[in-house]
Amino acid sequence: MVIVLNHGIHEKDKQKIRNFLEKKGFTIREIIGEEETILGAVGIVSIDVREVELLPGVSRVIPITKPYKLASREFKKEDTIIPVGPVRIGGQRIVVIAGPCAVESREQILETAQKVKNSGAVILRGGAYKPRTSPYSFQGLEEKGLQYLKEAGVATGMPVISEIVSTELVDMMKEYVDIMQVGTRNMQNYELLKRLGPIGKPILLKRGYAATIQELLMAAEYLLAHGAENVLFCERGIRTFETYTRNTLDISAIPIIKKLSHLPIIVDPSHATGIREKVSPMALAAIAAGADGVIVEVHPDPDNALSDGPQSLYPEQFEKLMRDIEALAPVLGKEISRLPDKSISISYRQKNKKLFHKGRLKVSFQGERGAFSEKAIYSYFDEEVDLVPCAEFRDVFNSVLKAASDIGVIPLENSLSGSIHQNFDLLLQFPDIQIIGEKKIRIIHNLITLPGAQLTDIKRVYSHPQGLAQCSHYLENFPAWEKIAYYDTAGSVAFIAKNGNKENAAIASEEAARVYNMDILKESIETNARNYTRFVVIARGDAAQVDKPEKASFVFSTLDKPGALFHVLQVLTENSINMKKLESRPIPGKPWEYMFYVDVDVPEENSRFKECVEKLKKETEEFRVLGMYRI
Ligand code: PEP
Ligand code: MN
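Let me begin by describing the structure that accompanies this report.

Reading guide: rules and limits
- Going along each chain's sequence as written, the residues are numbered from 1 onward.
- The naming scheme follows written order: chains are lettered A onward, ligands numbered 1 onward.
- Local features in this predicted model are restricted to residues of pLDDT 70 or higher, and side-chain atom pairs are both shown and tallied only at a pLDDT of 80 or more, whereas totals for entire chains, interfaces and linings draw on every residue.
- Working from all heavy atoms in the structure, the side-chain values ignore hydrogens and water.
- By the criteria applied, helices consist of DSSP H or I runs no shorter than four residues and strands consist of E runs no shorter than two, each listed in order from the N terminus.
- The quantity called the radius of gyration is restricted to C-alpha atoms. Its globule counterpart is 2.2 Å times the number of residues to the power 0.38.
- Accessible area is worked out with a 1.4 Å probe on protein chains only. A residue is then buried under 20% of its type maximum, exposed over 50%, and partly exposed in between.
- Where accessible areas are quoted, they stem from the Shrake-Rupley method and a 1.4 Å probe; at the residue level, only the protein chains shown are allowed to cover.
- By definition, disulfides here are pairs of cysteine sulfur atoms that lie within 2.5 Å.
- Note that the arc is defined by the directions from the helix axis to the C-beta atoms.
- By the convention used here, residues are in contact when the closest approach between their heavy atoms is within 4.5 Å.
- Take the buried residues of types Ala, Val, Leu, Ile, Met, Phe, Trp, Tyr and Cys, join any two whose side-chain atoms come within 4.5 Å, and each joined set is a nonpolar core.
- Each domain's extent was defined by an automatic or database domain assignment.
- We call a residue near a molecule or strand when any one of its heavy atoms sits within 4 Å of it.
- Polar contact is the term for a pair of N or O atoms within 3.5 Å; when the atoms are in protein, one must be able to donate a hydrogen and the other to accept it, and sequence-neighboring residues count only if both atoms are side-chain atoms.
- Note on residue classes: Ala, Val, Leu, Ile, Met, Phe, Trp, Tyr, Cys and Pro are nonpolar, Asp, Glu, Lys and Arg are charged, and everything else, Gly too, is polar.
- To get an axis, a line is fitted to the C-alpha atoms, and for a helix only the part in contact is used. The angle between two axes follows their N-to-C directions and goes from 0 to 180 degrees.
- Under this scheme an angle from 65 to 115 degrees is roughly perpendicular, one under 35 degrees roughly parallel, and one over 145 degrees roughly antiparallel; angles in between are oblique.
- Handedness of a helix crossing follows the sense of rotation of the near helix relative to the far helix, less than a right angle counterclockwise being left-handed and clockwise being right-handed.
- Aromatic rings from Phe, Tyr and Trp, with only the six-membered ring used for Trp, were paired whenever their centres fell within 6.5 Å, and each pair was classed as stacked if the ring planes differed by under 30 degrees, edge-to-face if by over 60, and tilted otherwise.

Broken down by element type, the protein carries 21 helices and 30 strands. In terms of overall size, the protein behaves like a compact globule, its C-alpha atoms giving a radius of gyration of 27 Å where 631 residues would be expected to give roughly 25 Å. If you line up the protein on its principal axes, its C-alpha atoms span 85 × 65 × 50 Å. Taking all 631 residues of the protein together, the buried fraction comes to 56%. Of the roughly 27200 Å² of accessible surface on the protein, 51% is carried by carbon and sulfur atoms.

Right, dumping it as structure tokens:
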């Protein structure tokens, strides 16, 4: 059962609840969430839940109906995010794990590691103990193989994963690997699962080739019940009557597991198909179906591989797959996970040690938990950050300026409804704030109601004006609904949740519905599915030095004379600076006078852009660079 505790419960009361349950024979797991703290109580004891409900500090008690408890969504509604070195698995990230089936030599693993890393893999795989069907096949390099694997991981900055086949190997292997892999043949090796539970390493649990989804979840329950917290599922194909492929990839297991469990699921299209040319299409299908990542076999010379050559990708094929995944990710509202040296935030942090000496970044945004800005933050930052929600956009600027947060994230424009002028104006009003990065994310709006409400119950719809504007076609079908502008999309969900009236609906993200325990009555009601919002990341000017900027934004007003704008544009042309956007805005307080906002590509030798800026200053009345940043 799940026991949701009151906000601000005293430690003493919490301890009393724990003692009460432990005495009854339950094992307790505490989860401190952003919204609420819960105790999960598991055990074979039966108890009248009212006895627990009456204890001081208990808000409500929810029985878990499934045979798997700790693995279930009932136990934890938010997705579990698993940290593995610098990589986080789950949530909005797509992780790509790649490497050979088996470590064959030091050179082979070092070469493969470098190649898959260059293409964008973030975790390195390589088997050292190979459970082969034939005892005469290559069995793996054993501990030597793990040494080489670790060396390759360290050389490339990638965490490593390898399969464990026996309980005796646990202590030795945990010194070498970052993720323990339990193979398909061992999914129900309960002694191995019990031994792995307490070791504190993430575990990738592969689905048995003849196991049901429920059996897979129960195997994960073994790991969790024995102390593991970070378990990843891996769908790797099951045995069916089909013989064309090595196994049959059960794509439907992905959305099923995502619904039943909070744990991430990775898909292995290599062992699922056994055929090289089927690996990439199935990897893409798995990601489209909601997988949190893929684990793919790649070999520098598959034709001479010691195991699973026919299903191993050539490095060039893997590179193409990575590019396809990159193109697919934004359609799904997801982000490809990258190693920190590729991430803007980390390089920015390194350049600004003075600012970021104190550990986790504090990032401010406008809105409540579940806001689209929060999603943009999670997409932009590879590392974990502390969120600083603000009521108004201006508060985000002030928070950054006064160092209450290190960084702010604000929306600047939407592909359907255009610029968010207030933020352009604020960029002008806060000359000490600079843009240091940008993130475009897909916006999917949903019609959100109280649980159990029907379309016919709705009389009012609350959302941010942008949310209402972006769903105008859908809303035209319901002329009787009152459309009420609210300060924030997620805030409107918080409002209808608190208000408790079934006549109220809200338009916001899926995350917001989840955060406030509301129902989604209709998904994806935005007028156009190609609905993207461009967010920018802002910081104080003294800290805004970005390494290798790719894009710049500036603002200017012209002299009131013929050809003034033409001359500005001419400077850009003569310096071969590519303009991405030009927009005019009235100057606040000066009727009928205009400023121009411009985005340009910054050439690789960015001194050329700096020279251009000097020339532009001469051709304009007022001129300010809002930021030079990476995209
Ligand atoms: C492997 O990943 O190397 C492997 C042997 O996979 P599976 O257990 O899925 O067959
Ligand atoms: Mn293999």
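Following the structure, the description resumes.
Our next topic: the state of the cysteines. Inspection of every chain in the model, using the stated rule, returns zero disulfides. Cys234 takes part in no disulfide bond, and the closest cysteine sulfur, belonging to Cys101, lies 13 Å away. Relative accessible area serves as the criterion here: at 0%, Cys234 is assigned to the buried category.

Two residues of an α-helix separated by three or four positions point the same way, owing to the 3.6 residues in each turn. Every buried residue of helix α10 (residues 276-288) is listed here: Arg276, Val279, Ser280, Ala283, Ala286 and Ile287. Here the buried residues of α10 occupy an arc of 130 degrees about the axis, which is enough to place them on one side. Tucked inside the fold, the buried residues of α10 contact β7 (93-99), α8 (253-260), β13 (265-267), α9 (269-273), β14 (293-297) and α11 (315-328).

Across soluble globular proteins, you tend to see nonpolar side chains buried next to one another. Ile89, Leu124, Met173, Leu196, Leu205 and Phe318 are the most contacted members of the largest nonpolar core, which totals 94 residues. By residue number, the principal contributor to this core is helix α7 (residues 213-225), which donates seven residues. Split by domain, the residues of this core number at least three in each of domain 1 (2-62) and domain 2 (82-338). Listed in part, the 34 residues of the second largest apolar core include Phe372, Ile377, Ile443 and Tyr516.

Further remarks concern the site of ligand 1. Looking at ligand 1, the residues that line it are Arg125, Lys130, Glu163, Gln181, Gly183, Thr184, Arg185, Lys206, Arg236 and His271. Between ligand 1 and Arg125, the relevant distance is 2.8 Å, taken from an oxygen atom to a side-chain nitrogen or oxygen of the residue. Within the complex, the protein chains bury 97% of what would otherwise be the 300 Å² of accessible surface of ligand 1. In terms of residue class, the shell around ligand 1 is built from no nonpolar, four polar and six charged.

Taken N-terminus to C-terminus, the directions of α10 and α11 make an angle of 20 degrees; their axes are 10 Å apart at the nearest point. In terms of orientation, α10 and α11 fall into the roughly parallel class. Every pair of crossing elements has a handedness; the one defined by α10 and α11 is right-handed. Taking contact as the criterion, the partners of Arg276, Ser280, Ala283, Leu284, Ile287 and Ala288 in α10 are, on α11, Gln317, Leu321, Asp324, Ile325 and Leu328. Residues belonging to the contact of α10 with α11 are distributed by class as follows: seven nonpolar, two polar and two charged.

For the structure on display, the rule yields 13 aromatic pairs. Ring geometry for Tyr486 versus Phe495: centroids 5.5 Å apart, planes at 35 degrees, classification tilted. Classification of Tyr486 by relative accessible area gives partly exposed; the value is 22%. Put simply, the rings of Phe554, Phe556, Phe596, Phe609 and Phe623 touch in pairs and so form one group of aromatic residues.

Of note, Glu142 is a non-glycine position whose phi angle comes to about 55 degrees, a positive value. Among the secondary structure elements, Glu142 is positioned in helix α4 (residues 142-156). We note that Ala403 has phi near 65 degrees; this positive angle belongs to a residue other than glycine. In this fold, Ala403 is placed in the loop between α14 (393-401) and β18 (407-414). Residue class for Ala403 comes out partly exposed when judged on its relative accessible area of 43%.

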